[in-house]
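Coordinate inspection notes
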Amino acid sequence: MATISSTAMFSPSFQSVRSCTKTSAGMYPSLSMISRRSRRSMAIKAELNPSLVISLSTGLSLFLGRFVFFNFQRENVAKQGLPEQNGLTHFEAGDVRAKEYVSLLKSNDPVGFNIVDVLAWGSIGHILAYYILATASNGYDPNFFG
């Protein structure tokens, strides 16, 4: 019994993976010193302003979707045509609910950029922004230009 209690009394103390170092008095540091030290080291400072990054990437993707990729996307959709079954579109085959809901897709935009396009390109911009923020805070530097 004496050997069990003596080994339990002198077992090393660990903080995370590294063992605690002894202070100048020869004793292990107190819990308050450990918690103060770990709180300071856990502070994360963002190098980029998240609001600015999200706004700029969303605005850029909306701009690209409206002025660059819009015609390309519409041409590909027109090439594909409506879905068919046995050579007939779903609406022609008797499914009255297969008709497109037109009022949702109407807009006052001269080209026809509607709410579905805004939501799709805006979500792409948000995904891009969160990728930029995650990789920047992670320390990843792809070195595209240098």
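Residues numbered from 1 in each chain as written. Predicted model: local features only at pLDDT ≥ 70, side-chain atom pairs only at ≥ 80, totals over all residues. Heavy atoms only, no water.

**A look at the overall build of the protein chain**
Within the protein chain, the secondary structure is distributed over five helices and four strands. Secondary structure elements in the protein chain, listed N-terminal to C-terminal, are α-β-β-α-α-α-β-β-α. In the protein chain, 59% of the contacts between residues at least 6 apart in sequence involve partners at least 24 apart. Surface accessibility of the protein chain: about 12,500 Å² in total, with carbon and sulfur atoms responsible for 62%. (Helix = DSSP H or I, 4+ residues; strand = E, 2+ residues; numbered from the N terminus. Contact = heavy atoms within 4.5 Å. Areas by Shrake-Rupley, 256 points an atom, 1.4 Å probe, with all protein chains shown as cover.)

**So, the environment of Phe113**
Mapped onto the elements of the fold, Phe113 is located in the loop between strand 4 (88–89) and helix 5 (115–137). Exposure remark for Phe113: the relative accessible area of 11% places this residue in the buried category. C-alpha separation for the pair Phe113 and Gly65, spaced 48 residues apart in sequence, amounts to 8.9 Å. If we skip the residues at most four places from it in the chain, Phe113 touches Leu62, Gly65, Arg66, Phe70, Ser107, Val118 and Trp121. (Buried < 20%, exposed > 50% of the residue type's maximum accessible area, 1.4 Å probe, protein only.)

**What to know about the environment of Ile132**
Mapped onto the elements, Ile132 comes out in helix 5. Between the alpha carbons of Ile132 and Val53 there is a distance of 8.0 Å; along the sequence they are 79 residues apart. The residues touching Ile132, leaving out its near neighbours within four places in the chain, are Leu48 and Val53.

**Considerations on the pattern of salt bridges**
Pairing of side chains with opposite charge becomes possible as their charged atoms draw close. Evaluation of the coordinates by the stated rule reveals two salt bridges. Salt-bridge contacts for Arg66 lead to Asp109; the nearest nitrogen and oxygen are separated by 3.0 Å. One end of the pair, Arg66, is in helix 3 (residues 50–67); the other, Asp109, is in the loop between strand 4 and helix 5, and 43 residues separate them in sequence. Residue classification places Arg66 among the buried residues on the basis of a relative accessible area of 16%. Judged by its relative accessible area of 24%, Asp109 is partly exposed. Arg74 is paired through a salt bridge with Asp117; the nearest N and O atoms lie 2.7 Å apart. Remark: Asp117 occurs in helix 5 and Arg74 occurs in helix 4 (residues 70–80); sequence separation between them is 43 residues. (Salt bridge = Lys/Arg side-chain N within 4 Å of Asp/Glu carboxyl O.)

**Digging into the packing of aromatic side chains**
Under the definition given, this model contains three aromatic pairs. With 5.0 Å between their ring centres and 45° between their planes, Phe63 and Phe67 make a pair best called tilted. In this pair, Phe63 and Phe67 both sit in helix 3, four residues apart, roughly one turn of the helix. (Phe/Tyr/Trp six-rings, centres within 6.5 Å; stacked < 30°, edge-to-face > 60°.)

**Observations regarding helix 5**
Counted at 1.5 Å a residue, the expected span for helix 5 with its 23 residues is 33 Å, and the 33 Å between its end C-alpha atoms agrees. Regarding helix 5, the residues found buried are Asp117, Trp121, Gly122, Gly125, Ala129, Leu133 and Thr135. Close packing links the buried residues of helix 5 with helix 3 and helix 4. One side-chain oxygen of the residue at the start of helix 5 lies 3.2 Å from the amide nitrogen of Val116, identifying that residue as Asn114. Following helix 5 by one or two positions, Gly139 adopts a phi angle in the positive range, close to 90°. (Expected span 1.5 Å × (residues − 1). Polar contact = N/O pair within 3.5 Å; in protein donor to acceptor, adjacent residues only side chain to side chain.)

**A word on unusual backbone geometry**
The backbone of Asn86 sits at a positive phi, close to 55°, despite the residue not being glycine. Within the secondary structure, Asn86 sits in the loop between strand 3 (84–85) and strand 4. For Asn86, a relative accessible area of 80% corresponds to the exposed category.

Purely spatial values, then, with no claim about function.
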